[in-house]
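Residue-level structure breakdown
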Amino acid sequence: MAGASAADVRSILSLPSPSTPGPSQPKAKVLGTSERARKPEGISRELYSLIGPSAPTLAAQLAKPRLKQKPNLGGGGRVKWEWQTFKNAGRTDDLRLSHWAKTGTDPEAEYPFAKYNVQPTSYVYSQDEYSRFLEDKEWTREETDYLFELVREYDQRFYIVGDRYDYPGGSPRTLEDLKDRYYSVCRKLVRNRPWAGDEASKAQLISSFQFDKDREATRKKYVACLENRTKAQIAEEDALYVELKRLEQTERRFKKNRDELLRTLLGVESGLPDIPVEDEAPLNGSGLHVDTKDIKKNKRKGTHEVETPISATPYSANVISLGQPVPRKAQSAKSAAYDALHCIIRTEAPQTTSNKAAHTPVYLRGLKLPAPKSAVAAKIAQILGELGISHTRLVMPTKENCAQLESLIEAAAALVETKKCVDKVEQDIRIAKMRLSSQANEEGVEDEMEDGRAPSVVSTRSTRSIKGYKQSRRSSISSVDTSATGPLPKRRKR
């Protein structure tokens, strides 16, 4: 017993352990057993122990998807029905009908479809109102009462009212007569009775009772004529309709051709917009209309040649303006004074052939100074530099200064072009004089040799000078060729 532990002693004596509660002590709840959330299907136990229930969205993404549950239309179990009577609040004759209802439904409950029984407003008038506002020589008080009673009974269904209308001793009435009498009485009652609302709602209610008897009769007459047409009349109307469409199409084509002619003659100054034409054939390189069928046929054959039809219409590539320019929109005096005060210059929008509206943003005049062409820019800059003027910067880039600078650049460009032409003409004259002098000297030498005389010193010298000029010219040409092609290889000695 010396080696027995405290646990052995407790087990022999059947004593409870300190951590284990006795039978009379309540058992403490073990955390993590009942409160632990159930592991979803489709996810491993190790992964769920890592993420735990604190990330339900992640667990739902990793869980195995389930099939959509079928809807429970029965509401859980079978439903019993029984034949019950009900009371309709929309009826005034206390008629009780029966229908199938669920077991346990109160028979005295309100009928659910009674709310759809909306009755129209029925107007009732007194003798005083009738004598002051509603009297008519074609209608009596009794017949008017009879009409209102039928309308109230059949809920303003005038086709049924017209079929049931049979006033004893009265004249025959059409459906238009009944409508006209009823709506006229309602309008007069609404107009002459005190109104609690605003005038807009009153006017709207009065307009809902408007009825034109003559127009309704005419409409029905037209409908009757339309239904009573013969086949020949229908065919004639169809032919007239087709002819009308053809005339409209011809008018549109004529207007389009007229606009194209004006646009061709007057150009952008015609004031006509550039309307894209969709139903025309494309144009070939010469500006002639080409049939699209020929293009498709040649594409199938593998060729790109297009035959121009005889009835093609040429269009001029360069359009000359023959008309007066479109006058600008007159500017008001106030706007002109404001522009003059603030030095604002308004320019017209450039004419473009695109569908987008042309727009010129605001810019500083000094950033868009006129610049010469790149081919003669250096010479023009040299000319302006001799005058002490810079074409890239102006101290005061006003409108007048920019115009003067542009005219100066144009004059300098014209001067450079003129200088080129003068130099070319002088060079041609110089070459022609040299050729004439060389020809004259050669003819003089030949004449002296034929006479048996020795050539003169002057002719000899002139001949030598001509030969020297030719040799020097040949040497210069050969030097240019050798410099371009590189040194020639040396000849090897034999």
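The structure presented is a predicted model; accordingly, all values stated were derived computationally and were not measured.

Turning our eyes to something else, we now look at the pattern of salt bridges. Applying the stated criterion across every chain, the model contains 18 salt bridges. With a closest N to O distance of 3.4 Å, R132 and D128 form a salt bridge. Taken together, the residues R132 and D128, both in helix α4 (residues 127–134) and four residues apart, mark about one turn of the helix. A relative accessible area of 44% means that D128 is categorised as partly exposed. Between E143 and R173 there is a salt bridge, with the nearest N and O atoms lying 3.0 Å from each other. Linking E143 in helix α5 (residues 141–153) with R173 in the loop between α6 (158–164) and α7 (175–192), this pair joins segments that are 30 residues apart in sequence. With relative accessibility at 4%, the residue E143 sits in the buried group.

Let's shift gears to the side chain of R181. Take R181: it is sitting in helix α7. Exposure remark for R181: the relative accessible area of 3% places this residue in the buried category. In this structure the side chain of R181 is engaged in a polar contact, spanning 3.0 Å, whose partner is the backbone oxygen of L134. Here the side chain of R181 touches T144 through a polar contact of 3.1 Å, side chain to side chain. What R181 contacts, discounting residues up to four positions off in sequence, is Y130, L134, D136, W139, T144 and L147.

The next thing to look at is the nonpolar core. Grouped together as the largest cluster of nonpolar side chains are 23 residues, with contacts concentrated most on Y123, Y125, L147, F148 and Y182. Counting residues per element, the ones that place at least two in this core are α4, α5, α6 and α7. In terms of residues, this core owes the most to one element, α7, which gives eight residues. Setting aside chain neighbours within four positions, we find Y182 in contact with T121, L147, F148, V151, Q156 and F158. By size, the runner-up hydrophobic cluster in this structure holds seven residues, among which are V376, L384, A412 and V416.

Bringing the packing of aromatic side chains into the picture now. Scanning the entire structure with this criterion turns up 15 aromatic pairs. Relative to Y182, the ring of F158 lies with its centre 5.7 Å away and its plane at 65 degrees, an arrangement referred to as edge-to-face. Of this pair, F158 sits in helix α6 while Y182 sits in helix α7, placing them 24 residues apart in sequence. Take Y182: its relative accessible area is 2%, and that puts it in the buried class. Members of the aromatic cluster, each reached through a chain of ring pairs, are Y123, Y125, Y130, F148, F158, Y182, Y183, F209 and F211. Directly above the ring of Y130 sits R141, whose terminal nitrogen or CZ lies 5.4 Å from the centroid. Of note, R173 hangs over the ring of W139, and the distance from its end group to the ring centre comes to 4.1 Å.

Turning our attention to the environment of L189. Relative to the helices and strands, L189 is located in helix α7. Judged by its relative accessible area of 2%, L189 is buried. Distance in space between the C-alpha atoms of L189 and Y130 is 9.3 Å, their sequence separation being 59 residues. If we skip the residues at most four places from it in the chain, L189 touches Y123, Y125, E129 and L134.

A word on the confidence of the model for the chain. Per-residue pLDDT for the chain has a mean of 74; in total, 66% of the residues score no lower than 70. Counting interchain partners and residues more than four positions distant, the pLDDT-below-50 stretch residues 28–35 has zero contacts. Counting contacts from residues 473–494, a segment whose pLDDT is below 50, to residues more than four positions away or on other chains yields one contact.

What counts as what
- Residues numbered from 1 in each chain as written.
- Predicted model: local features only at pLDDT ≥ 70, side-chain atom pairs only at ≥ 80, totals over all residues.
- Heavy atoms only, no water.
- Salt bridge = Lys/Arg side-chain N within 4 Å of Asp/Glu carboxyl O.
- Helix = DSSP H or I, 4+ residues; strand = E, 2+ residues; numbered from the N terminus.
- Buried < 20%, exposed > 50% of the residue type's maximum accessible area, 1.4 Å probe, protein only.
- Polar contact = N/O pair within 3.5 Å; in protein donor to acceptor, adjacent residues only side chain to side chain.
- Contact = heavy atoms within 4.5 Å.
- Core = buried A, V, L, I, M, F, W, Y, C linked by side-chain atoms within 4.5 Å.
- Phe/Tyr/Trp six-rings, centres within 6.5 Å; stacked < 30°, edge-to-face > 60°.
- Lys NZ or Arg CZ within 6 Å of the ring centre and 35° of its normal.
- pLDDT = per-residue confidence, 0-100.

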